[in-house]
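# Results of the structural survey
One-letter residues, chain by chain:
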Amino acid sequence: MSRLSLKNVSKSFGGLVAVDDVSFDIVERGVTAIIGPNGAGKTTLFSLISGFLRPSLGKVVFEGEDITGLAPQLVAKRGVVRTFQLVKLFAELSVLDNVKVGRHLHASGGLVAALLRPPAARREEREVEAKARELLAFVGLVAQAEAPATSLGYGQQRLLEMARALAAEPRLLLLDEPAAGLDAAESAALSRLIRSVAEGGTTVLLIEHDMTLVMNTADHVIVVDFGRKIAEGSPEAVRRDPAVIAAYLGSAHQARAGEQGVQAARVAEAGRG
Amino acid sequence: MTNSLSTTSPEAPRRSLAVRPALIAGLPWLALAVVFGYAVVVGGYPATVVSFALIYAVFVSGLNLFMGLANQVSFGQNAFAAIGGYASAILTATYGFEPLLAMLAGLVASIGCAALIGYPTLRLKGHYLAMGTLAIGLIVYEITVEWQSLTQGYLGISGIPPIGIGPYEVLSDRGQLILLAVVALAAALATARIRASRLGRALAALAGSEDAALALGIDVTRYKFLAFLMAAGFASISGSLFAHVVGFVSPEVFGLHLVILTFTMLYVGGIGTIAGPLVGAFVVSLLPEMFRGFKDYQDLAYGAALILLLIYAPRGLSTLFAARGRA
């Protein structure tokens, strides 16, 4: 059974069709990457999957159940957790507490537990802390556990966001450009980290521009352009696909194709503002 | 395997300072204890000023939960202080209820009203939420003025008995001061415990990024609502305490000036901190008294002091004593 299926999903904003009749299946094991030029509709796809946007048409099916239009916190409860293109950390909290927030769905304490701290609540709090520290060790941020989240460098903030998402124990992890702003060494380390998350049984779906990361990390690649899926397959197969080369390597292609490419670039510009 | 990403280690320098921050963080509490002790010993007018400061501190603690921990805005918490205060006044002075029972009834009424009002209002964000909540305060003010058969309008209600259980009434200044201090400290302890819990982390999460909170499965609307109800509860208790300590309530007591005063206290003391509401309530209550000698220039000196505080301690006085602004 596939972990996630999109069935003829479309999303339009007024006259602009951001996602146009996209269907794909994500298998349970491995890492899938969604690639495509800027404004191709990748982040919109993530928002449609994670409940932040409601599809205009089509269905989103997670583990055989229809989750189309479900509120984001309920999608998360089903086991789909996303990260954001621009890191959204909880600035007032420490690194450790950020990860603890990720345990929200796996703990139950409310106001009474907070005020009276019964033994069960204390035990739960210890478990939350232990799990959070374990995840910080996993991403290599143990030393910074007590530091404010905002004191971290950009690459570390991305790792923290990932640890926080993992704390929710997602069965499907959506990473929106996890390597954006990372240098080559950081990107390589991230790639290894993503592989080990996937080997642990979590399905990973990521959006990425860094082709080295995609080629090293993904088992499967989906290519979108102008809101449509234009290709799908192994990284090697996608790399050789002429349609992908035309769309994704637009600038290189443009030089050769001349007028046609410039035209396409203009349309892309006009469409996405 | 991922250590290539962890370049700096702030752990080492922080350790060596571990003892001193704990001592420094205790300074605001020490200052509060000194002022409180002075009021208990001297009694009289200083005791009255400190009593009011403690009552305000309870109100501001509630405001701190909603504004400091959850990062929402409400200009209408005075409504719930009015509901609590009037419930205590009417039920004890007119119907002869036990003060604690009346206070509990006021609390239930306040939280009930907060639930009814909060459900539609909390869908608003930012300035719209601020305007919506401002309206709540104004509406309750109008009700206290116009519903004369119940509230006696502008005249207010007097003859409210002091707080107590059965035949035991807290009559002395000192007894009252100690009781109020216990309640205010309980409010601070509750805030500290909430902040360190799953509930507090959920509030901090929605304060930091509603989208990120939702993505982690936090029902943002539900937690905002909960914070609003808790703030209403604290406001209601402070309204009831006021009624019993002063023995009198009127619409003006819970008017717009209460909103301005408590906002000042929250920001001067340190929004989002544990000691902040108490520190702010004490400083803002005591400052005008210190400038009494300035006579005509008292308000000017008070205003200047507030401006200086906001320039030199923009995140509040209690953050001056805490590492990383977490007092």
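Residues numbered from 1 in each chain as written. Chains lettered and ligands numbered in written order. Predicted model: local features only at pLDDT ≥ 70, side-chain atom pairs only at ≥ 80, totals over all residues.

This part covers the overall build of chain A. Tallying secondary structure elements over chain A gives 12 helices and 10 strands in all. Compactness check: chain A gives a C-alpha radius of gyration of 20 Å against a globular reference of 19 Å for 273 residues, within 12% of the reference. Counted over contacts in chain A with a minimum sequence separation of 6, partners at least 24 positions apart contribute 66%. (Helix = DSSP H or I, 4+ residues; strand = E, 2+ residues; numbered from the N terminus. Rg over C-alpha atoms; globule rule 2.2 N^0.38 Å. Contact = placed C-beta atoms within 7 Å.)

This next bit is on helix α7 (residues 184-199) of chain A. Residue and element names in this part refer to chain A. Spanning 16 residues, α7 covers 23 Å between terminal C-alpha atoms, matching the ideal 22 Å at 1.5 Å per step. For α7, the full list of buried residues reads Glu186, Ser187, Ala189, Leu190, Ser191, Leu193, Ile194 and Val197. Here the buried face of α7 lies against β3 (31-35), α5 (119-139), α6 (154-167), β7 (172-176), β8 (203-207) and α8 (211-217). (Expected span 1.5 Å × (residues − 1). Buried ≥ 20, exposed ≤ 12 C-beta atoms within 10 Å, placed from the backbone.)

Residue and element names in this part refer to chain A. One ladder, built from eight bridges, connects strand β1 (residues 2-13) with strand β2 (residues 16-27); its direction is antiparallel. Note that in β2 the partner of Ser5 across the bridge is Asp25. Linking β1 to β2, which pair antiparallel, is a turn of two residues; within it Gly14 sits at a positive phi near 60°. Where β1 meets strand β4 (residues 57-62), five bridges bridge the pair, whose relative direction is antiparallel. Bridging from a neighbouring strand, Lys7 pairs with Lys59 of β4. (Pairing = 2+ DSSP bridges.)

Residue and element names in this part refer to chain A. Tracing the sequence through the fold places Glu199 in helix α7. By C-beta crowding, Glu199 is classed as exposed, having 11 other C-beta atoms within 10 Å. Spatially, the C-alpha atom of Glu199 lies 26 Å from that of Lys88, the residues being 111 residues apart in sequence.

Our focus in this paragraph is the packing of helix α4 (residues 44-69) of chain B against helix α14 (residues 276-290) of chain B. All names here are of chain B. Contact pair α4 / α14: the axes reach a minimum separation of 8 Å and the direction vectors enclose 140°. Taken together, the axes of α4 and α14 are oblique relative to one another. Crossing of α4 over α14 shows right-handed handedness. Residues Val49, Phe52, Ala53, Tyr56, Ala57, Val60, Ser61 and Asn64 of α4 form the contact with α14, whose participating residues are Gly276, Pro277, Leu278, Gly280, Ala281, Phe282, Ser285, Leu286 and Glu289. A class-by-class count of the residues in the contact of α4 with α14 yields 11 nonpolar, five polar and one charged. (Axes fitted to C-alpha atoms, helices over the stretch in contact; angles between N-to-C directions. Parallel < 35°, antiparallel > 145°, perpendicular 65-115°, else oblique. Left-handed = near helix turned anticlockwise from the far one by under 90°. Nonpolar A, V, L, I, M, F, W, Y, C, P; charged D, E, K, R; others polar.)

So, about the interface of chain B and chain A. With 34 residues of chain B in contact, the opposing surface of chain A contributes 46 residues. When residues of the side of chain B that touches chain A are traced back to their parent elements, those giving at least two are α1 (11-16), α9 (173-195), α10 (198-208) and α11 (210-215) of chain B. The dominant element in the side of chain B that touches chain A, judged by the number of residues it contributes, is α10 of chain B, at nine residues. Its residues placed into classes, the side of chain B that touches chain A shows 15 nonpolar, 11 polar and eight charged.

We now examine helix α5 (residues 78-94) of chain B. All names here are of chain B. With 17 residues, α5 extends 23 Å from end C-alpha to end C-alpha; this agrees with the ideal 24 Å at 1.5 Å per step. Most of α5 sits inside the fold, with 15 of its 17 residues counted as buried. Looking at the residues trailing α5, positive phi occurs at Gly96, about 70°.

Glancing now at the sheet that holds β2 of chain A. Spatial strand order, β2-β1-β4-β5 (chain A): four strands in an open sheet with antiparallel pairing. Taken across any chain shown, the strands that pair with only one partner, and hence form the sheet edges, are β2 and β5 (65-66) of chain A.

Residue and element names in this part refer to chain B. Viewed as axis vectors pointing N to C, helix α6 (residues 99-121) and helix α12 (residues 220-246) meet at an angle of 145°, and their least axial separation amounts to 8 Å. For the crossing formed where α6 meets α12, the hand is right-handed. Here Pro99, Met103, Gly106, Leu107, Ser110, Ile111, Ala114, Ala115 and Gly118 of α6 lie close against α12, whose contacting residues are Phe225, Phe228, Leu229, Ala232, Gly233, Ala235, Ser236, Ile237, Gly239, Ser240 and His244. Taken together, the residues of the contact of α6 with α12 break down into 12 nonpolar, eight polar and no charged.

Here we take up the confidence of the model for chain A. Chain-level statistics for chain A give a pLDDT mean of 88 and a share of 90% at 70 or above. Note on residues 269-273 of chain A: pLDDT is under 50 here. Beyond four places in sequence and across chains, it has two contacts. (pLDDT = per-residue confidence, 0-100.)

What follows covers the pairing of β4 of chain A. Residue and element names in this part refer to chain A. Of the strand pairs in this sheet, β4 and β5 are connected by two bridges, and their pairing is antiparallel. Within β5, the residue paired with Val61 across the bridge is Asp66. Counting the residues that bridge the hairpin from β4 to β5 gives two residues, and of these Glu63 lies at a positive phi of roughly 50°.

Residues and elements named next belong to chain A. Annotation of chain A at the domain level lists domain 1 (1-79 + 171-273) and domain 2 (89-169). Counting residues per element, the ones that place at least two in the side of domain 1 that touches domain 2 are α2 (72-78), β7 and α7. Split by residue class, the side of domain 1 that touches domain 2 holds seven nonpolar, one polar and two charged. (Domains from an automatic or database assignment.)

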